[in-house]
Amino acid sequence: MVSFLVCLALLVGGYFTYGKVVENTFAPDDRETPAVKINDGVDYVVLPQWKLFLVQLLNIAGLGPIFGALQGALWGPIVFLWITFGTLLAGGVHDFFAGMMSERNNGESISEITGIYLGGAMKNVMRVFSVVLLVMVGTVFAVGPAGLIVTLFKNSGVEGILATTLFWLIIILIYYFIATFLSIDKIIGKVYPVFGICLIVMAVGVAIGIFINPDYTIPEIWSNFRSMHPASTPIWSFMFITVACGAISGFHATQSPLMARCMKSERQGHFVFYGAMVCEGVIALIWAAAGCSLYEVTGGLNTGLQAVLANGQSAAIYDVCAKTMGGIGIALAMLGVIACPITSGDTAFRSARLVLADWLKLDQGSYRNRLILCVPVLGVGAFLGIGNALGFIDYTIIWRYFSWTNQTLAMIVLWAASMYLFYDKKNYWITAVPATFMSAVSATYFVAAGECLNLGTTIAYPVGIVVAVLFLGTFLYSIKKRNVRPQYDTLKK
């Protein structure tokens, strides 16, 4: 329990210390923001800071810091270290620069931002990459809550259409279409603060449930500094990919521009972007602690947690809530867990619309232009989600590709942020170091994982190191050859 509290204290303290270092490196000023300058009443709308924070938190949270953290707990309390330091040194930095680079470039999507700092070829790669990721995220965050709602009804003894995944999936997809189409302040700006409170109450409730129950003890890192995964899955780089949203996630880079279009002042970035990521890290830490403390350990392996996760993510989340809370508490907790992915799914599809709009130069003030993009984007999401509900598409496969795509996108965004800092004559190592680390993580997983090249860790480990060194070397060679100021003046900002 001590190691959990230390990690929690590091996360909170890191927001005020390292988060301030990150903010000072960027150096926000009093220039006019896109929300004030453009203000189209649809995507560019000034929102108060507290709403910006809650909307950003719900945009980036989803099932990632909940189910991802539970899966990460299979490795044992060593996952606390990745959640803590990943959040402070990588995830918070990534989210902050993704949002602030967008803010400095009229709120453009992350694919366009990447193109500005890494070139036209990477822009096109990121356009495709971003849309594919966002549709997968929207699908994952539609199927997950639909399954969870069905679990609740069945556990309550309700049968019939209300206890079918397909029914709730269609309801959620209809909501997604409405939220994607309407202006950001009509639904998202009004509903998200309520869901944000539910999410925070849920996390606090799970934490209190662990602490007050004498049967639950959060294991210490120093007593279990090893892998406790029952399947002997390696820590490197599988744990780093699995936890994803609870430490660093490229999906967040697609969401941060949404709030960059709604900020009244650049000085809100520290609280909105870095702060929301730290809050998500705290949520992930709590759920990882639950996974490590609530279930039986056999022979030093987390077999009890593995058995619960085998029943599916909805059942696993319900079980944690049932063990830590009861009555009204469990109702609030389950509402938070359902609302969390839904409120990430709708903004995922919204972001996909905006990426395509920036790509195709379609003005989104027009109802017709929004429909042109909403219909095909939601159509693909519906196909994947309904295919899963009918058993044609394996949800776990979508989740695994989603996790790897997440971390690869984060790597690219961190390299773009490094180039931005170089152009601006700032300390680019603050982003280049986590970019190098994530390059190794992404490359290693791609070579080793069964759903990718499946070549095993013997080959994957050295390949990951070589790729990371190659990327860092390419970056350093590139900046050495550039004439900084003339080249920077050709960029937007």
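Here, residues in each chain are numbered from 1, in the same order as that chain's written sequence. Selection of residues for local features in this predicted model requires a pLDDT of at least 70, selection of side-chain atom pairs for listing and counting requires 80 or more, and totals for whole chains, interfaces and linings are taken over all residues. Based on all heavy atoms of the structure, the side-chain values leave hydrogens and waters out of the count.

Draft legend 1. Examining the overall build of the protein chain more closely. Assigned secondary structure in the protein chain consists of 21 helices and zero strands. A globule of 493 residues ought to have a C-alpha radius of gyration of about 23 Å, and the protein chain, at 21 Å, matches this closely. Seen through its principal axes, the protein chain has C-alpha atoms that stretch 65 × 50 × 40 Å. Burial here depends on accessible area, computed with a 1.4 Å probe over protein chains only, as a share of the maximum for the residue type. Under 20% is buried, over 50% is exposed, and the range in between is partly exposed. Counting across all 493 residues of the protein chain, residues that qualify as buried make up 62%. We call two residues in contact when some of their heavy atoms are within 4.5 Å. A separation threshold of at least 6 residues defines the contact pool for the protein chain, and within that pool the share at least 24 residues apart is 84%. Total accessible area on the protein chain stands at roughly 17600 Å², and carbon and sulfur atoms take up 68% of it. By definition, any uninterrupted DSSP run of H or I lasting at least four residues is a helix, any uninterrupted run of E lasting at least two residues is a strand, and each is numbered from the N terminus. We compute the radius of gyration over the C-alpha atoms and compare it with the globule rule, which gives 2.2 Å times the number of residues raised to the power 0.38. Each accessible area value is a Shrake-Rupley result obtained with a 1.4 Å probe; residue values ignore everything except the protein chains displayed when judging cover.

Draft legend 2. Quick look at the pattern of salt bridges. By definition, a salt bridge exists where a carboxyl oxygen of Asp or Glu is found within 4 Å of a side-chain nitrogen of Lys or Arg. Evaluated as defined, the whole model comprises 12 salt bridges. Of the charged contacts in the structure, one is a salt bridge between D29 and R104, with a shortest N-O distance of 3.6 Å. Of this pair, D29 sits in the loop between α2 (18–26) and α3 (34–37) while R104 sits in the loop between α6 (79–103) and α7 (110–118), placing them 75 residues apart in sequence. Using a relative accessible area of 24% as the deciding quantity, one classes D29 as partly exposed. Sharing partners across several salt bridges, the network here consists of D29, R31, R104 and E266.

Draft legend 3. Representation of the packing of aromatic side chains. Stacked, tilted and edge-to-face are the three classes applied to pairs of Phe, Tyr and Trp rings, where Trp contributes its six-membered ring and a pair requires centres within 6.5 Å; stacked means planes under 30 degrees apart, edge-to-face means over 60, and tilted covers the rest. Applying the stated criterion across every chain yields a total of 27 aromatic pairs. Between the aromatic rings of F167 and W168, the centroid separation amounts to 5.2 Å while the plane-to-plane angle is 80°, which identifies the pairing as edge-to-face. Accessibility expressed as a relative area gives 25% for F167, which makes it partly exposed. Its relative accessible area of 17% is what places W168 among the buried residues. Taken together, the ring pairs in this structure connect F26, F96, F97, Y117, W415, Y420, F422, Y423, Y428, W429 and F475 into an aromatic cluster. Its guanidinium or amino end placed over the ring of F181, R370 lies 5.1 Å from that ring's centre, counting from NZ or CZ. Criterion for a charge above a ring: Arg CZ or Lys NZ at most 6 Å from the ring centre, at most 35 degrees from the ring normal.

Draft legend 4. Focus on a nonpolar patch on the surface. There is a patch of nonpolar side chains on the surface, built from V2, V6, L10, F85, L89 and W222 and spanning about 570 Å² of accessible area. Within the residue set of the nonpolar patch, elements represented by two or more residues are α1 (2–16) and α6. Tallying contributions element by element places α1 first for the nonpolar patch, with three residues. Residue position: L10 is located in helix α1. Patch membership requires more than 30% relative accessible area and the absence of a salt bridge. Residues of like charge join within 9 Å; the nonpolar side chains Val, Leu, Ile, Met, Phe, Trp and Tyr join within 5 Å.

Draft legend 5. View of empty space enclosed by the protein. A 1.4 Å probe that fits into a set of points on a 1 Å grid over the protein atoms alone but cannot get out defines a cavity; an open set with protein on both sides within 12 Å along at least five of seven lines defines a pocket, and lining residues are those with an atom within 4 Å of a point. Grid points are joined across faces, edges and corners, and a volume is the space filled by probe spheres set on the points. Scanning the model with the defined rule gives one cavity of 30 Å³ or more in all. Empty space within the largest cavity amounts to approximately 50 Å³. Looking at the largest cavity, the residues that line it are S109, I110, A253, T254, P257, L258, R261, S351, L354 and V355. Considering each element in turn, the lining of the largest cavity owes the most residues, four residues, to helix α12 (residues 251–260).

Draft legend 6. Representation of the environment of V42 within the structure. Within the secondary structure, V42 is located in the loop between α3 and α4 (49–61). In this structure V42 comes out as buried when scored by relative accessible area, which is 7%. Sequence separation between V42 and F181 is 139 residues; the distance between their C-alpha atoms is 9.2 Å. For V42, the contacting residues outside a window of four places in its chain are S183, I184, R350, Q364, G365 and R370.

Draft legend 7. Inspection of unusual backbone geometry at higher detail. The omega angle of the peptide bond from W236 to S237 is -5°, so this bond is cis rather than trans. Assignment of secondary structure puts S237 in the loop between α10 (188–212) and α11 (238–243). The phi dihedral of N106 falls on the positive side, at around 60°, and the residue is not glycine. By the element assignment, N106 lies in the loop between α6 and α7. Non-glycine residue N454 carries a positive phi angle of around 60°. Assignment of secondary structure puts N454 in the loop between α19 (429–448) and α20 (457–481).

Draft legend 8. Here's a closer look at α1. Along its 15 residues, α1 runs 22 Å from first to last C-alpha, staying within 8% of the 21 Å computed at 1.5 Å per residue. When we look at burial in α1, the residues that qualify are S3, F4, C7, L11, G14 and Y15. Down the axis of α1, the sector holding all buried residues measures 120°, keeping them to one side. Seen from the open side of α1, the exposed residues pointing more than 90 degrees away from its buried face are A9 and F16. The secondary structure elements touched by the buried residues of α1 are α2, α6, α10 and α13 (269–293). For a helix, the expected span equals 1.5 Å multiplied by the number of residues minus one. By arc we mean the arc of the directions from the helix axis to the C-beta atoms, nothing more.

Draft legend 9. Structural context of the side chain of T254. Tracing the chain through its elements places T254 in helix α12. Sequence-distant contacts of T254, defined by excluding residues within four places in its chain, comprise I110, L134, S351 and L409.

Draft legend 10. Seen up close, the packing of α4 against α10. For the pair α4 and α10, interaxial distance at closest approach is 8 Å and the crossing angle is 70°. Classified by the angle between their axes, α4 and α10 sit roughly perpendicular to one another. Residues W50, K51, L54, V55, L57, L58, N59 and A61 of α4 touch α10, and the partners they reach there are I188, G189, Y192, P193, F195, G196, L199 and I200. Side-chain classes follow a simple rule in which Ala, Val, Leu, Ile, Met, Phe, Trp, Tyr, Cys and Pro form the nonpolar group, Asp, Glu, Lys and Arg form the charged group, and the remainder, Gly included, forms the polar group. Taken together, the residues of the contact of α4 with α10 sort by class into 12 nonpolar, three polar and one charged. Note on geometry: axes are lines fitted to C-alpha atoms, helical ones only across the stretch in contact, with angles between N-to-C directions running from 0 to 180 degrees. Each angle receives one of four descriptions, namely roughly parallel if under 35 degrees, roughly antiparallel if over 145, roughly perpendicular if within 65 to 115, and oblique otherwise.

Draft legend 11. Spatial organisation of the side chain of S109. Structurally, S109 is set in the loop between α6 and α7. Setting aside anything within four residues of it in sequence, one finds S109 in contact with P257, R261, L354, V355 and D358.

Draft legend 12. Here's a closer look at the environment of V55. Assignment of secondary structure puts V55 in helix α4. In this structure the C-alpha to C-alpha distance between V55 and A310, which are 255 residues apart in sequence, comes to 32 Å. Excluding anything up to four places from it in sequence, V55 contacts I188, Y192 and M259.

Draft legend 13. How the structure looks around the confidence of the model for the protein chain. Note on scores: pLDDT gives the predictor's confidence for each residue, bounded by 0 and 100. Per-chain confidence: the protein chain averages 87 in pLDDT, with 90% of residues scoring 70 or above. Summarising per-element confidence for the protein chain, the mean pLDDT is lowest in helix α21 (residues 484–489) (50) and highest in α2 (98).

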